[in-house]
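Each chain, written out:
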Amino acid sequence: MLALVLAALRARRAQALTLLVLSTLAAAAAAAAPWYVLASTERVATRHMETAPIQERALETIGEGKIEGGSITDIVAAQAELTQRVVGLGGFTTYTQAHVTGQASTVPAAASNEARSTGSPLVMRTGACEHAVIDGRCATSADEAMLSYRTARFMRLKAGDPIVFTSTNLNEPVKLTVVGVYRPDDPGDPFWSSNSQLVAQSLPTSPPPEITEPVDDAVLVGPAALDAIKPKSVRTITDMVAQPVLFVDHQPDVVGAYLGAATVEAANNRLTLTTSIYDVIERIERDRQLVSLGVPVGAFQLLILCWFALYLAVKYTGVERRPDIGLVKLRGASRGRTWSLVGGQSGLPMLGGAVLGLPLGYLVATAVNGSIREPAVRDQAFQLSVGAVALAVVGALLAALLAERRSLGSSVAELLRQSPARAGAWRDLLDLVLVIVAVAALWQLRNRAEGDVAGLALLAPGLAALAFALVAARLITYSAARMVESALRHGRPARALSAIYLARRPGVHRLAALIIVTVALLCTSFLTWHAGQEAGRTRAELEVGADRVLTVRAENRLALLEAVRRADPGGKSAMAAVQSLSSGNDRVLLVDSTRLAAVAAWRPEYGLSAEQTAALLHPKAPDPVYVTGGQLTLDVTNHYTVLDRQRVVVLDVVMADPAGTRTVVRLGPLAEGAQQLTAPVPACTKAPGCRLSSLNIMQSTLEQKIFFASRPGIEVTVHGITQSGPDQTLVGREMLADRSRWRLDVNGVPPNLIVTPSADGLLLKVAPIRTGGATDPGVYPLDAPAPIVSVRARLLKPRLLGDQRVSYGTTTLTETVGATATRLPRLGELGVLVDLEYADRLGADFGAGESLQVWLARDAPPDLPDKLRKEGLIILGEESIDGVAERYASFGPPLTLQFMLLSAIIGVALAAGAATVVAAVERRPRARELTALRHQGASARLVKRVSFEGYLVLVGVSVLLGLVLAALIHAYVGDVMPYFADGWSAP
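Reading the values: rules and limits
- Residues numbered from 1 in each chain as written.
- Predicted model: local features only at pLDDT ≥ 70, side-chain atom pairs only at ≥ 80, totals over all residues.
- Heavy atoms only, no water.
- Buried < 20%, exposed > 50% of the residue type's maximum accessible area, 1.4 Å probe, protein only.
- Helix = DSSP H or I, 4+ residues; strand = E, 2+ residues; numbered from the N terminus.
- Pairing = 2+ DSSP bridges.
- Salt bridge = Lys/Arg side-chain N within 4 Å of Asp/Glu carboxyl O.
- 1 Å grid on protein atoms, 1.4 Å probe; cavity = no way out; pocket = protein on both sides within 12 Å on 5 of 7 lines; lining within 4 Å.
- Points joined across faces, edges and corners; volume = space filled by probe spheres on them.
- Nonpolar A, V, L, I, M, F, W, Y, C, P; charged D, E, K, R; others polar.
- Contact = heavy atoms within 4.5 Å.
- Lys, Arg positive; Asp, Glu negative; His and termini not counted.
- Polar contact = N/O pair within 3.5 Å; in protein donor to acceptor, adjacent residues only side chain to side chain.
- Expected span 1.5 Å × (residues − 1).
- Arc of directions from axis to C-beta.
- UniProt positions renumbered as here; feature names shortened; annotations may be inferred.

### Notes on the pairing of strand β2 (residues 92–100)
Argument step 1. Of all 9 residues in β2, 7 are buried; the element is thus mostly enclosed.
Argument step 2. As paired elements, β2 and strand β11 (residues 234–242) share 8 bridges and run antiparallel to each other. Residue pairing for β11: T96 is matched across the bridge by T238.
Argument step 3. Pairing of β2 with strand β5 (residues 122–125), which is carried by 4 bridges, proceeds in the antiparallel orientation. Within β5, the residue paired with Q97 across the bridge is R125.

So this is what it looks like as structure tokens:
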């Protein structure tokens, strides 16, 4: 029997090979689905963990008590071991620390003017010295400490200076020696960011003007220091940061269960366990559910198409086997042998396809979605893959037997006839039932409640395509039959013969239906996938702002601005930006508007064009006053209206030095009458010099340790500001007497001065004392438009009429809304866009910002980051539009849509294979028919046209109907799955 089957396959090689290819595709699709699903779950978990903020990846246990029974090192190590045992899961990176809350202060002898203090905790963080750049050395001894560069700069300390640490947990203040000034090598690294005690994130309450950045960073000490001071109570902390492998090795629900049990167990051991990993677990589970639902639905849909294509292929090849079956029956073969002979001709290619499809599916899945890391998951994927292939083969064999059922049940006389009998009416009834079911499912889908019938939504394009294709295929054969008479009447025999073929050939409508369905599914899958890709790209452009954005560290905003301008003097490749996400009520983005059009990835949602926005944000303003000489001189006349011998009054010249740092030149004391005030300013000789920010009248007690805004009773007339080396008049009497060139504070703080122009200069009077609140002691040269011009997103915060303000850092500026937009780069639907240079001048706080950035254009030179480093910027991180778009493409919904597109491509290949089988099977009978036409006098040209026109019309019309159907499905059903699981939608 096997020999007969092999002989039959050799006799019909083309059909057998086509069946082998179709079976291989079906098996490959079935084999790929489990590998794809399980690899996607790993990929989804990894991507969520990589992109989650540190707060959602960290687990913390806190213990508190005295240092008893050993060193603090032993205590934190024991707590870390206990925490790891309680959690009971691998996949965490562990950090340990102990700290005492309190206050760090300068020793009076070490302070240049007045004593300064910060609310810095005393922290022993294991391994801190290996994660920081230290100016000096690591603190190891009992009396040694390290300050952060921000704390040291504010406290005006360096290595070798003493500090005093006080705390309610200490019996007495502790004196420590600063042996190093540290700078975290990467503040965003989990070592530093996993615990809020290390790097301060917010300014102190009611900070003085000189505090422009958080200064309450940890005072780092070694274990010996805590052992020596013996605090009454020390807080020990174990920080465990989850890595992506946690959710690769364990299911999210398992991790959640372990964490829930660990919280209780930790409490039983006098530890407080807190974590926000549950938020990540929720997102991972949601994405995994989408993949686990969507991919099997797509695979099932593809299997149905595979079985249908194989059914058609076997059905058509069965026409050639009908005489063979008749002869076998005529010779008295048993029913079993007949079934074996017939089934073997389909079964052997299908089994061969299963053998080839199993590894092919694995290769395709891993090439598209990567390999599976965990061995146990790989074993599970292999077992599921084998089972899916077995299901595909069993379904294919059943489809083959169903296709041969009629031949096997026919009599010898029917089998030996050249033309088989017409199909029964039950097939038409089956088509009608399928159409009704598909239409009902589409109606239910269209009228579903939000979030219901998710699986049905994924099947919607296939259901719609099935209903339309079955009807359209019948219309093709019906229309062809109607065309025959018309073609003959108009003398078009070729068209008539092609129409006869389409109208009377058995199974033509089913092949047409298969082509229509597969083309429609391919187009709808591509449209949905492509729309998702475009939405991901759109979201990335909105969230990133430019082709690449570098997160950098700089001393302040002005230092950032000048460094970027020096690195890119042409202004076409880089732009400085500062983002404040939680400043007051606003989300604010400050940009160097002069470079906005050249660098930003501008979108229509931003309202005006980039050029119009830049012109709006950066109108022309008077040039700032720069001191470029080594000595500064002010000619003034002072008059005391109230004499107070217990105070000292001075005139502070506040400037931004070349590095953007606040520099105060204190001139005085101010004496009655005319006075020439002079002070050296060597730092200003470096380009571009020192920018004049304000003139402040300050006072102090006779000790001159603490200076504050002057009390009433003093008037100062400024006649001129000059410099020496080179000699130059910086501010002449003409500018001083022009009131429009001077402004008071625009931060909303009441001014302490009354400014009046006079014939020989600018008269400054201290205003009467106001009750309550601080006052601003300065008068400012007008070198930026005030109020500042802004572009606001559509959603505005409620404001008092006439009191529109924008807040960032410690600054609140009066604001004029120049334009509105539906969205703004990096800010979304709520935020404010202002000019960085003007905001820095008006704010006069000399601060930095929550996120200092350098935006790079797409054509930026590759060495530009190196140039930025040479200008003193430290690059902390980088994100790009391409990278963010790729990140969104690796979550659950995009992976599901990608698989459905891949399935649709395979479906089209199946339809092509089925059409090939039809052409191969009909080659001989069609050749006889066409030869008969030639014998009856038909021309060779007519015969040649008829030989391929029927196939071309069938395929062409089916493809066209599939395209039309795809457009209708996309319009009616819409996106079968949202591209973003968090609900984000493109504007």
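### Here's the deal with the pattern of salt bridges
When the charged atoms of two side chains with opposite charge come close together, those side chains can pair.
Argument step 1. Under the counting rule described, the total for this entry stands at 32 salt bridges.
Argument step 2. When the shortest N-O distance is used, the salt bridge between R537 and E541 registers 3.7 Å. Here R537 and its partner E541 are both found in helix α16 (residues 508–544), 4 residues apart, which amounts to about one turn of the helix.
Argument step 3. The class for E541 is buried, based on a relative accessible area of 16%.
Argument step 4. Residue R566 pairs with E871 through a salt bridge whose shortest N-O separation is 2.7 Å. With R566 in helix α17 (residues 557–567) and E871 in the loop between α22 (864–870) and β34 (874–880), the pair connects residues that are 305 residues apart, well separated along the chain.
Argument step 5. Look at R566 and you get partly exposed, because its relative accessible area is 42%.
Argument step 6. Classification of E871 as partly exposed rests on a relative accessible area of 28%.

### Here we look at empty space enclosed by the protein
Argument step 1. Applying the stated criterion across every chain, the model contains 6 cavities of 30 Å³ or more.
Argument step 2. What the second largest cavity holds in volume is close to 70 Å³.
Argument step 3. Around the second largest cavity sit G298, Q301, L302, L305, T518, L521, S525, M900, S903, A904 and G907, which together line it.
Argument step 4. Broken down by secondary-structure element, the contributors of at least two residues to the lining of the second largest cavity are α9 (277–330), α16 and α24 (892–921).
Argument step 5. Here the residues of the lining of the second largest cavity are counted per class, giving 5 nonpolar, 6 polar and no charged.

### As for the environment of L259
Argument step 1. Structurally, the position occupied by L259 is in helix α8 (residues 252–268).
Argument step 2. With 170 residues separating them along the chain, L259 and L89 place their C-alpha atoms 9.1 Å apart.
Argument step 3. In contact with L259, other than residues within four places in its own chain, are L59, V87, T275, I277, Y278 and I281.

### Some details on unusual backbone geometry
Only a minority of non-glycine residues have a phi that is not negative, and only a minority of peptide bonds are not trans.
Argument step 1. Omega for the bond connecting G668 with P669 falls within 30 degrees of zero, at 5°, which places this linkage in the cis form.
Argument step 2. Mapped onto the fold, P669 is located in the loop between β19 (662–667) and β20 (673–680).
Argument step 3. With an omega of 0°, the peptide bond between A786 and P787 qualifies as cis.
Argument step 4. Within the element layout of this structure, P787 appears in the loop between β28 (778–781) and β29 (788–793).

### Things to note about the side chain of E60
Argument step 1. Take E60: it is sitting in strand β1 (residues 58–65).
Argument step 2. The buried charged residue E60 lacks any salt bridge, with R125 as its nearest oppositely charged partner at 6.8 Å.
Argument step 3. Within the local environment of E60, its side chain forms a polar contact with the side chain of N195, the two groups lying 3.1 Å apart.

### Looking at the environment of S193
Argument step 1. Its location among the elements puts S193 in helix α5 (residues 190–193).
Argument step 2. Look at S193 and you get partly exposed, because its relative accessible area is 24%.
Argument step 3. Remark: the alpha-carbon pair of S193 and I54, spanning 139 residues in sequence, is separated by 6.9 Å.
Argument step 4. Residue contacts for S193: discarding those within four places in its chain leaves I54, P187 and G188.

### Some words on helix α25 (residues 923–935)
The periodicity of an α-helix, 3.6 residues per turn, causes residues three or four positions apart to be oriented the same way.
Argument step 1. Between its first and last C-alpha, α25 extends 18 Å over 13 residues, near the 18 Å set by a 1.5 Å rise per residue.
Argument step 2. Within the span of α25, buried status applies to R926, L930 and L933. Across the axial projection of α25, the buried residues extend over an arc of 50°, all falling on one side. Of the exposed residues in α25, the ones pointing more than 90 degrees away from its buried face are R928 and H935.
Argument step 3. On the buried face of α25, the contacting elements are α15 (493–504) and α26 (940–972).
Argument step 4. Positive phi shows up at G937, right after α25, with a value of about 105°.

### Topic: the UniProt feature "transmembrane region" (unreviewed entry) in the protein
Argument step 1. Taking the UniProt record as the reference, the feature "transmembrane region" (unreviewed entry) is found at residues 293–314, 339–362, 382–403, 424–443, 455–476, 511–529, 899–921 and 951–973.
Argument step 2. Measuring from the first to the last C-alpha atom of residues 899–921 gives 33 Å, for a span that is 100% helix and 0% strand.
Argument step 3. Annotation note: span residues 951–973, helix share 96%, strand share 0%, distance between end C-alpha atoms 32 Å.

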